[in-house]
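Below are the chains, spelled out letter by letter.
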Amino acid sequence: MSAATTTPRRSRALNTLRDMAARPSGAIGLTLVTLHLVMALMSPWIAPFDYKEMNSALILGGPSAEHLLGTDHLGRDVFTRVLLGGREAFLVTGIATPIAMLWGGMLGVLLGLRGGWIDEAMMRLVDAFLALPGILPLLVLITVFGSGNEVLTPTLAFFFGIPVIRVARAAAHEVVARDFISAARARGHSPLSIVRHEILPNVTDTLLVEGAMRWSWMLLGFSALSFLGFGVAPPMADWGLMISDARVYMSLAPWGVLGPMIALSSLIIGINLSADALAKTLGLDQGRKAVV
Amino acid sequence: MANPPLIDIRGLCVGFRGRSGAMLPVLHGIDLQVCRGESIGIVGESGSGKSTLALAAMGYLKHGLQKISGEVIYDGADMFARSPSELAKIRGGQLGLIPQNSGQALTPTMRIGRQLDEALRLHCSLPEGAHSDRAIDLLTQVRLPDPAAILRRYPHELSGGQQQRVAIAMALAGEPDALLLDEPTTGLDVTTQAHILDLLRELARARNMAMVYVSHDLGVIARVCDRVQVLYAGETVLEGPVRAVLKSPDHPYARGLLASIPRLGDRSLPRALDGRPPAPGADRTGCVFAPRCALATDHCQTLHPPIITGEAGQATRCFYPEQTSEIDMTGSGAPLSCCAENSPLALSLNGVAIRYDRPGALARFMPARSRPPATVDDITLSLTLGETLGLVGESGSGKSTILKTIAGLLPPAEGTLTLGDGTALTPRVEQRRPDQLRRIQMVFQNPDESLNPRQSVANILGQPLRLYFGLKGRELRARAAELLETVRLGAHYLDRRPGQLSGGEKQRVAIARAFAATPEIVLCDEITSALDVSVQAAVLELLNDLKARHQSTFVFVSHDLTVVRALSDRVAVLYQGRLCEIGPAAAVYGAPSHPYTKVLLNAVLEPDPDHVPHLLTEDATELSPPACGCPFKHRCPVKIGRLCDTDTPPWQEATDGHAIRCHIPLQDLSKPDPV
Amino acid sequence: MIQLLLRRLALGFVTVWLVSVIIFLGVEALPGDACTAVLERDAHGEALAKCRADMGLNAPALARYVDWAGGAIQGDFGVSANGQDSITEIVGYRVRNSLLLAAGALSVGIPLSILLGAMAGLWRDTWVDILFSTGAIFAMTIPEFVAATILILIFAIWLGWVPAIVLTPADAPPLEFFPEFVLAAVVLTMIMIAHIMRMVRSSVIEVMASDYVQMATLKGVPYWQIVFRHALPNALLPAINVIALTVAWLLGGVVVVEVVFNYPGLGRLLIDAISDRDLPVVQAITMIVAATYVGVNLVADILGLVLNPRLRSHHMRRG
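Every value quoted in this text rests on a predicted model; they were computed, and no experiment measured them.

## Considering the overall build of chain A
Here's step 1: Within chain A, the secondary structure is distributed over 11 helices and zero strands.
Here's step 2: On the principal axes, the C-alpha backbone points of chain A span a range of 80 × 50 × 30 Å.
Here's step 3: Across the 292 residues of chain A, 52% fall into the buried class.
Here's step 4: Restricting to contacts in chain A with at least 6 residues of sequence separation, those with at least 24 account for 70%.
Here's step 5: When the accessible area of chain A is evaluated, it comes to approximately 13000 Å², of which 66% is carbon and sulfur surface.
Here's step 6: Each charge sign in chain A was given a centre, from 22 positive and 20 negative side chains, and these centres are 10 Å apart.

## Remarks on the UniProt feature "transmembrane region" (unreviewed entry) in chain C
Here's step 1: Taken from the UniProt record, the annotation "transmembrane region" (unreviewed entry) applies to residues 9-27, 99-123, 135-161, 181-200, 235-261 and 281-307 of chain C.
Here's step 2: Helix makes up 96% of residues 99-123 of chain C and strand 0%. Its end C-alpha atoms lie 35 Å apart.

## A short note on a nonpolar patch on the surface
Residue and element names in this part refer to chain A.
Here's step 1: A cluster of nonpolar side chains, Leu-37, Val-38, Leu-41, Met-42, Trp-45 and Ile-46, forms an exposed patch at the surface whose accessible area comes to about 650 Å².
Here's step 2: Positionally, Trp-45 belongs in helix α2 (residues 24-46).
Here's step 3: Look at Trp-45 and you get exposed, because its relative accessible area is 68%.

## A word on the interface of chain B and chain C
Here's step 1: The interface of chain B with chain C comprises 28 residues on the first partner and 22 residues on the second.
Here's step 2: Between chain B and chain C, the buried area comes to about 2300 Å², and carbon and sulfur atoms account for 57% of it.
Here's step 3: Contact with chain C buries area across many residues of chain B, yet Pro-108, Thr-109 and His-156 of chain B alone supply 22% of it, more than any other trio.
Here's step 4: The tally of links between chain B and chain C comes to two salt bridges.

## Details of the pattern of salt bridges
Residue and element names in this part refer to chain B.
Here's step 1: Enumeration over the complete set of coordinates arrives at 49 salt bridges over all chains.
Here's step 2: The salt bridge partner of Asp-78 is Lys-67, with a shortest N-O separation of 3.6 Å. Within this pair, whereas Asp-78 is found in strand β5 (residues 77-78), its partner Lys-67 is found in strand β4 (residues 65-74), the two being separated by 11 residues in sequence.
Here's step 3: A relative accessible area of 31% places Lys-67 in the partly exposed class.
Here's step 4: Taking the shortest distance from any N to any O, the salt bridge between Asp-435 and Arg-433 comes out at 3.4 Å.

## Quick look at the interface of chain A and chain C
Here's step 1: With 41 residues of chain A in contact, the opposing surface of chain C contributes 46 residues.
Here's step 2: Between chain A and chain C, roughly 3900 Å² of surface is buried when both sides are summed, and carbon and sulfur atoms account for 77% of that area.
Here's step 3: Broken down residue by residue, the surface that chain A buries against chain C is led by Arg-124, Ala-131 and Met-250 of chain A, which jointly contribute 13%.
Here's step 4: There are one salt bridge connecting chain A and chain C.
Here's step 5: Notably, a salt bridge pairs Arg-198 of chain C with Asp-276 of chain A, separated by 3.9 Å at the nearest N-O pair.
Here's step 6: On inspection of chain A and its partner chain C, the count reaches zero residue pairs in polar contact (both at pLDDT 80 or more).
Here's step 7: Only α5 (116-131), α6 (136-145), α9 (191-228), α10 (239-247) and α11 (255-281) of chain A provide two or more residues apiece to the side of chain A that touches chain C.
Here's step 8: It is α11 of chain A that contributes the most residues to the side of chain A that touches chain C, 10 residues altogether.
Here's step 9: Looking at side-chain class alone, the side of chain A that touches chain C contains 27 nonpolar, eight polar and six charged residues.

## Here's the deal with the packing of aromatic side chains
By convention here, two paired aromatic rings are described through the distance between centres and the angle between planes.
Here's step 1: By the definition in use, this model includes 19 aromatic pairs over all chains.
Here's step 2: Centroid distance Trp-103 of chain A to Phe-158 of chain A: 5.5 Å. Interplanar angle 5°. Geometry classified as stacked. Of this pair, Trp-103 of chain A sits in helix α4 (residues 87-114) while Phe-158 of chain A sits in helix α7 (residues 149-176); the two residues are 55 residues apart in sequence, bridging distant segments of the chain.
Here's step 3: Accessibility expressed as a relative area gives 28% for Trp-103 of chain A, which makes it partly exposed.
Here's step 4: Using a relative accessible area of 36% as the deciding quantity, one classes Phe-158 of chain A as partly exposed.
Here's step 5: Their ring planes at 70° and their centres at 5.2 Å tell us that Phe-24 of chain C and Tyr-65 of chain C sit as a pair that is edge-to-face. Of this pair, Phe-24 of chain C sits in helix α1 (residues 2-29) while Tyr-65 of chain C sits in helix α4 (residues 61-73), and the two are 41 residues apart along the sequence.
Here's step 6: Judged by its relative accessible area of 8%, Phe-24 of chain C falls in the buried class.
Here's step 7: Its relative accessible area of 14% is what places Tyr-65 of chain C among the buried residues.

## Side note on the UniProt feature "transmembrane region" (unreviewed entry) in chain A
Residues and elements named next belong to chain A.
Here's step 1: The feature "transmembrane region" (unreviewed entry), as annotated in UniProt, sits at residues 27-47, 89-113, 125-145, 151-168, 217-237 and 257-279 in this numbering.
Here's step 2: Across residues 27-47, helical content stands at 95% and strand content at 0%; the span's end C-alpha atoms are separated by 27 Å.
Here's step 3: This span, residues 151-168, is 100% helix and 0% strand, and a straight line between its end C-alpha atoms measures 26 Å.

Here is what the cut-offs are and how they apply
- Along each chain, residues carry numbers from 1 onward, in the same order as the chain's sequence is written.
- Chains and ligands are labelled by the order in which they are written, letters from A for the one and numbers from 1 for the other.
- Per-residue local features are limited, in this predicted model, to residues with pLDDT of at least 70; the limit for side-chain atom pairs, both in listing and counting, is 80 or more; totals at the level of whole chains, interfaces and linings are taken over all residues.
- Only hydrogens and water are set aside; all other atoms, that is, all heavy atoms of the structure, feed into the side-chain values.
- Where helices and strands are cited, they refer to DSSP runs of H or I of at least four residues and of E of at least two residues respectively, numbered from the N terminus.
- Summary of the burial criterion: residues with accessible area below 20% of their type's maximum are buried, those above 50% are exposed, and those between are partly exposed, where the area comes from a 1.4 Å probe applied to protein chains only.
- Contact between two residues is taken to exist if any of their heavy atoms lie within 4.5 Å; hydrogens are not considered.
- In this description, accessible areas are obtained by the Shrake-Rupley approach with a 1.4 Å probe, and a residue is regarded as covered only by the protein chains that are shown.
- Under the counting rule used here, the positive set is Lys and Arg, the negative set is Asp and Glu, and His together with the chain ends is not counted.
- Where a charge sits is defined by one atom per residue type, namely NZ (Lys), CZ (Arg), CG (Asp) or CD (Glu).
- UniProt positions are given in the numbering used here, feature names are shortened, and annotations may be inferred rather than shown by experiment.
- Patches draw on residues past 30% relative accessible area with no salt bridge. Two like charges within 9 Å are joined, as are two nonpolar side chains (Val, Leu, Ile, Met, Phe, Trp, Tyr) within 5 Å.
- We define a salt bridge as a contact between a side-chain nitrogen of Lys or Arg and a carboxyl oxygen of Asp or Glu at a distance within 4 Å.
- Defined in terms of a 1.4 Å probe, buried area is the accessible area two parts forfeit on being brought together, summed over both.
- In the analysis that follows, any N or O atom pair within 3.5 Å is treated as a polar contact, provided that within protein one partner can donate a hydrogen and the other can accept it, and provided that, for residues neighboring in sequence, both atoms belong to side chains.
- Lys, Arg, Asp and Glu make up the charged group, whereas Ala, Val, Leu, Ile, Met, Phe, Trp, Tyr, Cys and Pro make up the nonpolar group; the residues left over, Gly among them, are polar.
- Aromatic rings from Phe, Tyr and Trp, with only the six-membered ring used for Trp, were paired whenever their centres fell within 6.5 Å, and each pair was classed as stacked if the ring planes differed by under 30 degrees, edge-to-face if by over 60, and tilted otherwise.

As structure tokens, then:
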């Protein structure tokens, strides 16, 4: 349906956000993500205790007015650690996700446009990487090079970019089949110009939604690594690590696992709900063709 | 009327809920009565609500649509008040539907036999054991060859015409009292269409069925209907006997619609109908057609006209039915531009052959003889500067393929392309020099596909301007605005996106983009076939105008012989990727002509009740061209024997520049009816 | 058709071969080898040289690759890093246990997810759909170790229905795994149902809006016949590939879940092997998982070809 209004470029992002917030899933999702973002940024100033300050008198203490979520097996304040526990995850995945989307997306689009034997060979390689047990390459690299952020960030960015190649290639394929690409080719534009002016504007929406989903999966992966003992190193506060530690004392102090579990789950659910709302706002969800 | 109507639609209003929550009507108080044995046509352009009306006659509305008021009486009760089980009994039983695109309306995972059997099980009174015989009987009735084999096929294994026949057989399975046909021949080739219409007429007569025939094509309506109802923006504006309506319609819209249809008989541009119908939910206080009407007065703007029945049996929704005859229905009168004699050469194709299949690693070592024949073969053509060459043929004739090759998108397997100045045109577009690229521009069939939905009009027009002329900033915008003016769109369109334009406006933008390069040769690939007929007329007028102004050479591809006729200086007829006939338009459309050209011309439908198409041959669809002999040998009504099977026919020169490729001597081809 | 199947099969082999090369090169590129892992602090001088000579590590990389890959094809993955245990034997039981877990999850999960997905799609935008779809988002997004921990908290600690900590040896008879098996299977089933259900739902919605379902309605076919004859066969075709991906994921060792529940499957063996730097075992597991992944996807492709008449003859004409 045609609307006579024109939308200037800058406000498109704002409009999209507004439309997302108008949906229940978007409203809840965006609120959760914003809360977490604020928490990650502000926590060093609002946390009531020092995250690594141990108190042997207060081991596995229950919730109290002073310690809202009790204390852990080393007598550290759980509430403080929950507040701070997302910072590493935010930092690493916040950098690695855009990098993964960027390199995977660009490579995928180029392969989708070019086709031919290079495309065929690259896709076999992508298949081979996808056939590896998901977490293995991460684990191997971490055992060898350690689990510092300088290792985790590029590793995650690399391995999470591989499936993006497939998605971007499929999206580009759909666009390449359309006549405006033939028109651009017939005019004699260079492949790079075709990618920039004709293909990218048509795949960015798909990649945006994909990026949101990948971010939540990367967070899952990141916290799973911590949980398995391959990620963030103690005494740093991290949700995955905290859950792993507190699980042992679960029967004595269930609040110790509940706090980080709620924090982690709410962030990931928030991102997914936002991604869902984004897909609907951009009209990318299937089976919802407009009437008339 | 003596007998009561079979289907009686009264005051039907249907609408959908818009984003704002308001109810937006798409049908406004429609009345429609159909009696047994009667055939009524519903005609209108896209968005007129005609398909919604046909489905509503079965008590069905598409998802999102709601009935606002009115009723659809069938067999004494309102269809919308019936229970699902009652409806299931009537649908496919007494009321049969033949859908627009049977290729999509047949379930892809079920064999034809199972789908027919399902219809028989649900609606046929015969015992279970007789069903398979009945299925074969039905397929024979719709004239499908080898019915037993068809029953075992899946829908996608049939051609479009065959799928449509299966759909008809399925509707007949329920022994219907009435058939509802929703554009059943749209998208089919002219010859196939003529055959299907013939079949429908006969079936309706033999079974005394009522038919409600929905179409955008007045030629089709003229062929099968007794009465016609014209819909405009969801409202009946004219109703009456087909003959009266087509000869002298009492409503200005119907008159305009008729005038916009190109005719085979005269070579002139049809008259365009300016403006566009109101969107659903728009203000409708006055006459809905008033903004586009030549007769409109202040009265029309403020008062909604009632239906008035005139003497000839036409019921029209117009205040001034007697004045409508004053509206000129003849061609637009615009002088047809014509190329100058002896103008220089612009482009020539020499023995061009095109293949889609790339030889695999194995095939390369095999002798060339064992490869399938080329999709397009032996095309030798030349174009002079400023001339328009029309390429006609049915689907699969390779006409668009040739355009792609000229554009460099599909390199030829054999043959060469040469520009007017004698330089060879590089086969691949990627290797062409910038000036070669600029000189050849292409306009595609469907502007929804050929315009990037993410770019503004300014950006779309800016692409060639930047590429060929290095324009930037204000200069670029000014030139883009200028281009919009040449296609009669204002500069205020610059910041819109394709999604905000109508179909006709989009195609104008696509044309402007081609002319941005100031090309010498413009390739037009079915550029009007996605448009409504009134919009098509306007685009044809625009092309004629541009042709006169720019002295460009056009290659105009279309399946529609009347459209090609209206615009072309010379016409080439293609069958299975091979040229059959080429020559000046008047000569090709006259005599002598190739048997295939004759078949095509005879199958054309015109919005004239006196025009009767002649079906000269079966409409069998061929999948690939024959390896030897005449490409038309399987369907030719006047095949002369072995010679046609074995030898490629020679070119025979008739008059100046008119050549026919056939074994039959020219004087025999000149006879009006070769059969 | 046959040609197409052979092509798919060949591509599958190419992928598996590429995996083997990636793994081999990856292990080569790592600092240290099997001997440094076994000898640990004694890995220097003569002991190291002797060990390397014993294990054939001084041979050129290509020869070692051929040796290893040749063994792997015959199901012989060599010995583990401690130089004693046959990897094939260690891995064998783990594969069985992982298969057991996957079979449990799949047998419940596939039918249930199709049922729920079809219901949500058919009754789109009703409370059924909203309930199922929201549930799916939660099941998909809550980290598996969180879901697992919650289940342990509720069923093991608060209700006491299953023991919280179990230690069953990998080679125990299948029935002895029951306590840790149940909760692990529940977690996996939840996740896979969520994924397949969403796919089935959107596919059903698309098919129900298709021309042929409208045509069937107007042919007078009763609603449930439309659903079962016309809609579902078409809606489930694209679901095959998603099901294949979840099957591959389940068979490929679900590391986190196996660790949480202490379930002696392939996933936990992988973690243990990495912690111990037992590279031969890591290589073996990876090859098995990759081959499974390729195999399952191959089966799905073939199934898709066989069940979809359109694909089938489309390729026949070309092939």
